[in-house]
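Fold and contact review
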Amino acid sequence: MSTAKKEYKRITTKTLVDMKKKGEKISMLTAYDFTMAKIVDSAGIDVILVGDSASNVMAGHETTLPITLDQMIYHAASVVRAIERSLVVVDLPFGSYQSDPKEALRSAIRIMKESGGHAVKLEGGKEVKESIKRILNAGIPVMGHLGLTPQSIYKFGTYTVRAKEEAEADKLIDDAILLEKTGCFALVLEKVPAKLAQKVAEKINIPVIGIGAGNGVDGQVLVTHDMLGMTHEFNPRFLRRYLDLYTDMKNAFSQYSADVKSGDFPNDTEQY
Ligand code: KIV
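Note that the coordinates shown come from a computational prediction; the quantities given were computed from them, not determined experimentally.

**Observations concerning the site of the ligand**
All residues in the neighbourhood of the ligand are listed as Thr30, Leu49, Gly51, Asp52, Ser53, Asp91, Lys121, His145, Val188, Glu190, Ile211 and Val223. At a separation of 3.0 Å, an oxygen atom of the ligand approaches a polar side-chain atom of Asp52. Here an oxygen atom of the ligand sits 2.5 Å away from a polar atom, N or O, in the side chain of Ser53. Contact with the protein chains hides 95% of the accessible area of the ligand, taken as 260 Å² for the molecule alone. Split into classes, the residues belonging to the shell around the ligand amount to 4 nonpolar, 4 polar and 4 charged.

As structure tokens, this is what we get:
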């Protein structure tokens, strides 16, 4: 049974802002390929994030840093070909926007032109303000990302909850306000205390989408492979697993192997 609202024919950045005004929660999941995106879109998920978590999930890297702009465009184009309703947001990968605003704009334009995505997401606050402005001036919507920003993992040195201390919490609030003022249409808050996330969501008018940020925000995002239980070594407290696909898929593969080896597959009805 699906409880997802499908009253919006096509989700736009404006739809999300309107949803926040009406107090309607926003659902967001990742996808990196056509088949998964088709299922996510047809389930009524509002936003599909072509996250740079593809670096971990699809390519097996330890961090999000190695994935390239070309690889992100390949994933995003595959997702865009599948969708009918969801808004597709594409991560600007590490190294494609930090060095200067012109490069940030060039990267964002490549994503929009070559993948057909609807918006870009990038990590950081004040430090990336000029890049955000440039991208927005070209008419490209930008989603911000604060808190535990995985592209800065080597600076943090740990994946633990961010902004527990007052100074970091104050900076995060200032950055969230700045991102709204600069023109971002939404903001992801990753792994921060629930009370702080709620405070941010109350302070700004753009939707705040949380991951490990509690229930006081305007929407939630999870990595699809994690919530389906396809990955099983990653067990943060915030993750709810809706399936145990790792076990189900492994059992199916073992059964297939056994059927092939025993000669049970294919049977008389499974051949020409
Ligand atoms: O890349 C990603 O999947 C993300 C989410 C964790 C928000 O940025």
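Moving on from the model shown.
**So, the UniProt feature "binding site: Mg(2+)" (unreviewed entry) in the protein chain**
When the UniProt feature table is mapped onto this chain numbering, "binding site: Mg(2+)" (unreviewed entry) sits at Asp52, Asp91 and Glu123. The named residues occupy 72 residues along the chain; their greatest pairwise C-alpha distance, 10.9 Å, places them in one compact cluster. With a relative accessible area of 3%, Asp91 lands in the buried category. Contact partners of Asp91, with chain neighbours within four places excluded, come to Leu49, Val50, Gly51, Asp52, Met72, Ile111 and Lys121. A distance of 2.7 Å separates the side chain of Asp91 from the backbone nitrogen of Asp52, its partner in a polar contact. Those residues in contact with Glu123 that lie beyond four places of it in its chain are Asp52, Tyr97, Val128, His145, Thr149, Pro150, Gln151 and Ser152.

**Some details on the pairing of strand β3 (residues 87–91)**
When you tally the buried positions in β3, you get 5 out of 5 residues, the bulk of the element. Across the two faces of β3 the burial is the same, with Leu87, Val89 and Asp91 and Val88 and Val90 all buried. Looking at chain direction, strand β2 (residues 47–50) and β3 are connected through 4 bridges and run parallel. Looking across to β3, one finds that Val47 is bridged to Leu87. In terms of strand pairing, β3 meets strand β4 (residues 119–121) through 3 bridges, oriented parallel. Note on β4: the bridge partner recorded for Val89 is Ala119. Following the backbone out of β3, through helix α5 (residues 101–115) and into the adjacent parallel β4, one traces a crossover that is right-handed.

**Considering the nonpolar core**
One finds Ile135, Leu187, Leu189 and Val200 to be the most contacted residues of the largest nonpolar core, which totals 59 residues. Met143, Ala186, Ile211 and Val221 belong to the second largest nonpolar core, which has 18 residues in total.

**What about the sheet that holds β4?**
Working definition: the strands of a sheet are paired by backbone hydrogen bonds and lie parallel or antiparallel to each other. A barrel is described by the order of its strands in space; here 8 strands give the closed sequence β1-β2-β3-β4-β5-β6-β7-β8, paired in parallel fashion. Strand-to-strand twist of the sheet, defined as the mean angle between neighbouring strand axes without regard to direction, takes the value 25 degrees. Sheet analysis places strand β1 (residues 26–30) next to strand β8 (residues 219–222), joined by 4 bridges and oriented parallel. When the sheet's bridge partners are listed, Leu29 is paired in β8 with Leu222.

**What to know about the pattern of salt bridges**
Applying the stated criterion to the full structure yields 11 salt bridges. As a salt-bridge pair, Arg110 and Glu114 come within 2.7 Å of each other at their nearest N and O atoms. Of this pair, Arg110 and Glu114 both sit in helix α5, 4 residues apart, roughly one helical turn. Under the relative-accessibility criterion, Glu114 is labelled partly exposed at 43%. Among the salt bridges present, the one from Asp175 reaches Lys171, with a minimum N-O distance of 2.6 Å. A residue pair is termed a helical-turn pair when its members lie 3 or 4 positions apart in one helix, as Asp175 and Lys171 do in helix α8 (residues 166–182) at 4 residues. Here the salt bridges do not stand alone but share partners, grouping Lys14, Asp18 and Lys21 into one network.

**Points about the domain arrangement of the protein chain**
Assigned domains within the protein chain: domain 1 (13–241) and domain 2 (244–272). For domain 1 versus domain 2, the separation of C-alpha centres amounts to 38 Å. Across the contact, 4 residues belong to domain 1 and 4 residues belong to domain 2. For the pairing of domain 1 and domain 2, the buried interface totals around 380 Å² over both sides, and the portion due to carbon and sulfur atoms is 67%. The largest share of the area that domain 1 buries against domain 2 comes from Leu228, Met230 and His232, three residues that together contribute 82% of it.

**What to know about the packing of aromatic side chains**
Summed over the entire model, instances satisfying the criterion amount to 2 aromatic pairs. Residues Phe234 and Phe238 carry aromatic rings whose centres are separated by 6.5 Å and whose planes lie at 70 degrees to one another, so their mutual orientation is edge-to-face. You can call Phe238 partly exposed: its relative accessible area is 26%. Lying over the aromatic face of Phe156, Arg162 brings its terminal NZ or CZ to 4.0 Å of the ring centre.

The rules behind each value
Residues numbered from 1 in each chain as written. Predicted model: local features only at pLDDT ≥ 70, side-chain atom pairs only at ≥ 80, totals over all residues. Heavy atoms only, no water. Near = heavy atom within 4 Å. Polar contact = N/O pair within 3.5 Å; in protein donor to acceptor, adjacent residues only side chain to side chain. Areas by Shrake-Rupley, 256 points an atom, 1.4 Å probe, with all protein chains shown as cover. Nonpolar A, V, L, I, M, F, W, Y, C, P; charged D, E, K, R; others polar. UniProt positions renumbered as here; feature names shortened; annotations may be inferred. Buried < 20%, exposed > 50% of the residue type's maximum accessible area, 1.4 Å probe, protein only. Contact = heavy atoms within 4.5 Å. Helix = DSSP H or I, 4+ residues; strand = E, 2+ residues; numbered from the N terminus. Pairing = 2+ DSSP bridges. Right-handed = clockwise from strand over helix to strand, strands pointing away. Core = buried A, V, L, I, M, F, W, Y, C linked by side-chain atoms within 4.5 Å. Axes fitted to C-alpha atoms, helices over the stretch in contact; angles between N-to-C directions. Salt bridge = Lys/Arg side-chain N within 4 Å of Asp/Glu carboxyl O. Domains from an automatic or database assignment. Buried area = accessible area lost by both parts, 1.4 Å probe. Phe/Tyr/Trp six-rings, centres within 6.5 Å; stacked < 30°, edge-to-face > 60°. Lys NZ or Arg CZ within 6 Å of the ring centre and 35° of its normal.

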